Amino acid sequence: RSIEARAAQTLGDASYADLALRGLDFLLRECVMDGEPAHYHDGAPRVFGLAVDRTSLASALLDAHDHTGDARWLDAADAITLSLLRRFWSDAEKGIVDRLVEPGDAGELARPRKIIRDNALAAENFARLWRRRR
């Protein structure tokens, strides 16, 4: 659950949840292009194509759905999570890799990274989506 949603619940102050939801609105509007989330830096979305961005954003979207019950957050989480699976699943690694190897990559860049923390969060997101969609 997002820090803001937990703070709103713990402190009884809805402004924290409102802040989190406004942040998610901004991310979906400004930092997700053609289903690709990006880092936002220096006033613009930059650095697309990282698996961790999809897992983190999907988790926050699921938190927003938990907090509000609004289906748009669930639909966005579903789309982001499916794009994660399609783009970053590695049969060789038996999991989600944090980046796809590009032609010309050498050294450590030529090796996809399977990060356990990111895979655990992705698995949690898949389970949360499954529970809501069944």
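The structure reproduced in this document is the subject of the present report. Residue indices begin from 1 for each chain and proceed along its sequence in written order. Two thresholds apply to this predicted model, a pLDDT of at least 70 for residue-level local features and 80 or more for giving and counting side-chain atom pairs, whereas whole-chain, interface and lining totals are computed over all residues. Side-chain metrics in this entry use all non-hydrogen atoms of the structure; hydrogen atoms and water are not considered.

## Description of the side chain of D53
Only DSSP runs of H or I with at least four residues qualify as helices, and only runs of E with at least two residues qualify as strands; both kinds are numbered from the N terminus onward. Within the secondary structure, D53 is located in helix α3 (residues 51-68). As a buried residue without a salt bridge, D53 has its nearest oppositely charged side chain in R54, at a separation of 6.9 Å. Not counting residues up to four positions away in its chain, the partners in contact with D53 are P37, A38, H39 and V47. Under the scheme applied here, a residue whose accessible area is under 20% of the maximum for its type counts as buried, over 50% as exposed, and between as partly exposed, the area being computed with a 1.4 Å probe on protein chains only. When charges are counted, Lys and Arg are positive and Asp and Glu negative, with His and the chain ends excluded. The salt bridge criterion pairs a side-chain nitrogen of Lys or Arg with a carboxyl oxygen of Asp or Glu, the two atoms within 4 Å. Here a residue-residue contact requires only that any non-hydrogen atoms of the pair lie within 4.5 Å.

## Considering the pattern of salt bridges
Under the counting rule described, the total for this entry stands at eleven salt bridges. Across the salt bridge formed by R132 and D66, the nearest N and O atoms sit 2.3 Å from each other. Taken together, the residues span a long stretch of sequence, with R132 in helix α5 (residues 116-133) and D66 in helix α3 at a distance of 66 residues. Exposure remark for D66: the relative accessible area of 37% places this residue in the partly exposed category. Through salt bridges with shared partners, a single network forms among D63, D66, R128 and R132.

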